[in-house]
Amino acid sequence: MTTVYFIRSVKIPLEPSTSRLRQLCRNDDTLPWRRRKNSSIVFQFRSHLCLTMNTFSGTHDFNPRDLGDPGSREYMTTVRQTMKSFRSSLIQCKNEPTSIENDLVFECLRNEARYFINTEPLLASQMFRCVLNPDSFSDAMSYVLANALTSEFMQGIDLLELCKSAFLEDSNLESAVREDLLAAVERNPAAAGFLDVFLYSKGFHAIQSYRVAHHLWKRGLCPSALIMQAQMSKCFQVDIHPAAKLGCGLFLDHATCVVIGETAVVGNNVSLMQHVTLGGVGRLASKRHPTIRNGVLVAAGASIFGNITVGEESQVGACSQVFSNVHDGVTVVGVPAKPVDSNVSKSAFLPSLILEEGNPNSNCILHSDRQ
């Protein structure tokens, strides 16, 4: 007979032993349980057992629980409509890095974790280790990355210390991670919430692995940075050189086979689809990779080569190959990529948000068949 144990909202170590879990469960007479057909014992959570569900002491316009039930369409609609409040929280957290009260993003993460513990008790162990036990957003992110990138070359505990030290030494790093999280939640129609991206999006994980590796690279710890790059490529199928310079609010959709070279520069609020290559030309150690300005969308399968510039708020169509500069606000498609005629005036939103329904340019960008 197989026995599965769960515990309620109590503080447990990051890696609790099986005996410790069993002891906690046996000592708690309030935990209800039921016997399934396979004779396994499963402890069920009651909503009133999650004592911290209703606690939030932040100074924001709303309580995260007012957003609705995590995972629902209504929840995501409300989240996207209240992005202004979340971005205000980012400013407060940047001004007061240690202020948990102002951390609306982290509180929403924790609220979603508590909700899913109630609805899916099998997730309890993961939710406690990754979200509820860490004392801060940076600690939670460090734990998730260390758990994903651990290998025989660098153990999880060493990766955890590297990530934590990176967040402590660079105050802008945590702010960039939050911007990336909000970008993924806002732009990805498949996202079911903050927790969905934070725990399960390999594109988001790849970006944050790069950010830690880039910090190590700038400090001169090149071997450690390259180990993280190698593990990122192996685990996420994303290859970003630690010397590349990436801005905030970056979104990698699906992320598989994304390649960003050593001297590449990517601006803020950029969206890259799967199979995108920012490749170099030549053997010289000078600038040989492209520069992507702010607000650019690069669709699936597109390749951009050489020391060229893709202008602000421009768009590169699917499977296009770009070999020359692209002016600001221009849409290019084809092999080689050429500007397309469009009677559509400059839109009110960035091209990187083009996945929204109703954008008249979305068809030619995401499904380019021009030669």
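Nothing here was measured: the structure is a model prediction, and the numbers come from that model.

Some details on the packing of helix 4 (residues 104–119) against helix 8 (residues 171–187)
Here is step 1 of the chain: Where helix 4 contacts helix 8, the axes come no closer than 11 Å and their chain directions differ by 55°. Taken together, the axes of helix 4 and helix 8 are oblique relative to one another. Relative to helix 8, helix 4 is oriented so that their crossing is left-handed. Listed contacts from helix 8 to V105, F106 and L109 of helix 4 are R178, L181 and L182.
Here is step 2 of the chain: Here the residues of the contact of helix 4 with helix 8 sort into five nonpolar, no polar and one charged.

Notes on the sheet that holds strand 14 (residues 315–316)
Strand pairing within a sheet occurs via backbone hydrogen bonds; the two strands may be parallel or antiparallel.
Here is step 1 of the chain: If you trace the six strands from one edge of the open sheet to the other, you get 5-8-11-14-16-17, paired in mixed fashion. Because the sheet does not close on itself, it has two edges, and the strands there are strand 5 (251–252) and strand 17 (338–339).
Here is step 2 of the chain: Both strand 5 and strand 8 (residues 271–272) contribute to a ladder of two bridges, which runs parallel. Bridging across to strand 8, L252 finds its partner in L272.

A few points about the side chain of R187
Here is step 1 of the chain: Take R187: it is sitting in helix 8.
Here is step 2 of the chain: One buried charged residue, R187, remains without a salt bridge, the closest side chain of opposite sign being E186 at 5.2 Å.
Here is step 3 of the chain: From its side chain, R187 meets the backbone oxygen of V270 in a polar contact 3.2 Å long.
Here is step 4 of the chain: One polar contact links R187 to S271, side chain to side chain, over a distance of 3.0 Å.

Points about the packing of helix 6 (residues 137–149) against helix 10 (residues 202–218)
Here is step 1 of the chain: Helix 10 packs onto helix 6 with a crossing angle of 100° between their chain directions and a minimal axis gap of 11 Å. The angle between helix 6 and helix 10 places the two elements in the roughly perpendicular class. Of helix 10, the residues touching helix 6 (which contributes M141, V144, L145 and L149) are F204, H205, Q208, S209 and V212.

A closer look at the pattern of salt bridges
Here is step 1 of the chain: Going through the model one piece at a time under the given rule, you end up with five salt bridges.
Here is step 2 of the chain: Two residues, R178 and E174, come together in a salt bridge whose shortest N-O distance is 2.5 Å. With R178 and E174 both in helix 8, this residue pair falls four residues apart, about one helical turn.
Here is step 3 of the chain: Overall, R178 belongs to the buried group, its relative accessible area being 4%.
Here is step 4 of the chain: A salt bridge links R288 to E262; the shortest N-O distance between them is 2.8 Å. Residue R288 is located in the loop between strand 9 (277–279) and strand 10 (291–292), and its partner E262 is located in the loop between strand 6 (258–260) and strand 7 (265–266); the two are separated by 26 residues in the primary sequence.
Here is step 5 of the chain: Judged by its relative accessible area of 17%, R288 falls in the buried class.
Here is step 6 of the chain: When its relative accessible area of 28% is taken as the criterion, E262 is described as partly exposed.

Brief notes about the sheet that holds strand 13 (residues 309–310)
Here is step 1 of the chain: Read from one edge to the other, the open sheet built from four strands follows the order 4-7-10-13, with strand pairing classed as parallel. Among the strands making up the open sheet, the edge pair consists of strand 4 (245–246) and strand 13.

Quick notes on unusual backbone geometry
Here is step 1 of the chain: With omega at -5°, the peptide bond leading from V335 into P336 counts as cis.
Here is step 2 of the chain: The topology assignment puts P336 in the loop between strand 16 (331–333) and strand 17.
Here is step 3 of the chain: A positive phi angle, near 65°, is found at C257, a position not held by glycine.
Here is step 4 of the chain: Structurally, the position occupied by C257 is in the loop between strand 5 and strand 6.
Here is step 5 of the chain: Since its relative accessible area comes to 35%, C257 is described here as partly exposed.

What about helix 10?
Here is step 1 of the chain: With 17 residues, helix 10 extends 24 Å between its outermost C-alpha atoms, agreeing within 8% with the 24 Å of an ideal straight helix rising 1.5 Å per residue.
Here is step 2 of the chain: Burial within helix 10 is extensive, with 14 of its 17 residues counted as buried.

Each value, and the rule that gives it
- The residue numbers shown here count from 1 along each chain, following its written sequence.
- Selection of residues for local features in this predicted model requires a pLDDT of at least 70, selection of side-chain atom pairs for listing and counting requires 80 or more, and totals for whole chains, interfaces and linings are taken over all residues.
- Only hydrogens and water are set aside; all other atoms, that is, all heavy atoms of the structure, feed into the side-chain values.
- Each axis is a line fitted through C-alpha atoms, and for a helix only the stretch in contact is used; angles between axes span 0 to 180 degrees, taken between their N-to-C directions.
- Under the DSSP-based scheme used, a helix requires at least four consecutive residues in state H or I and a strand at least two consecutive residues in state E, with every element numbered from the N terminus.
- Any angle between 65 and 115 degrees counts as roughly perpendicular, while under 35 counts as roughly parallel, over 145 as roughly antiparallel, and the rest as oblique.
- Two helices cross in a left-handed way if the nearer one is turned anticlockwise from the farther one by less than a right angle. They cross in a right-handed way if the turn is clockwise.
- Any pair of residues with heavy atoms lying within 4.5 Å of one another is described as a contacting pair.
- Throughout, the ten residues Ala, Val, Leu, Ile, Met, Phe, Trp, Tyr, Cys and Pro are labelled nonpolar, Asp, Glu, Lys and Arg are labelled charged, and all others, Gly among them, are labelled polar.
- Between any two strands, at least two bridges found by DSSP are needed for them to pair.
- Only protein chains enter the area calculation, which uses a 1.4 Å probe; residues under 20% of their type maximum are buried, those over 50% are exposed, and those in between are partly exposed.
- A residue counts as positive if it is Lys or Arg and as negative if it is Asp or Glu; His and the chain ends are not included.
- Salt bridges are counted wherever a side-chain nitrogen of Lys or Arg sits within 4 Å of a carboxyl oxygen of Asp or Glu.
- Side-chain atoms alone can form a polar contact between residues adjacent in sequence; in general such a contact is a pair of N or O atoms within 3.5 Å, and within protein one must be able to donate a hydrogen while the other accepts it.
- The span one expects for a helix is its residue count, reduced by one, times 1.5 Å.

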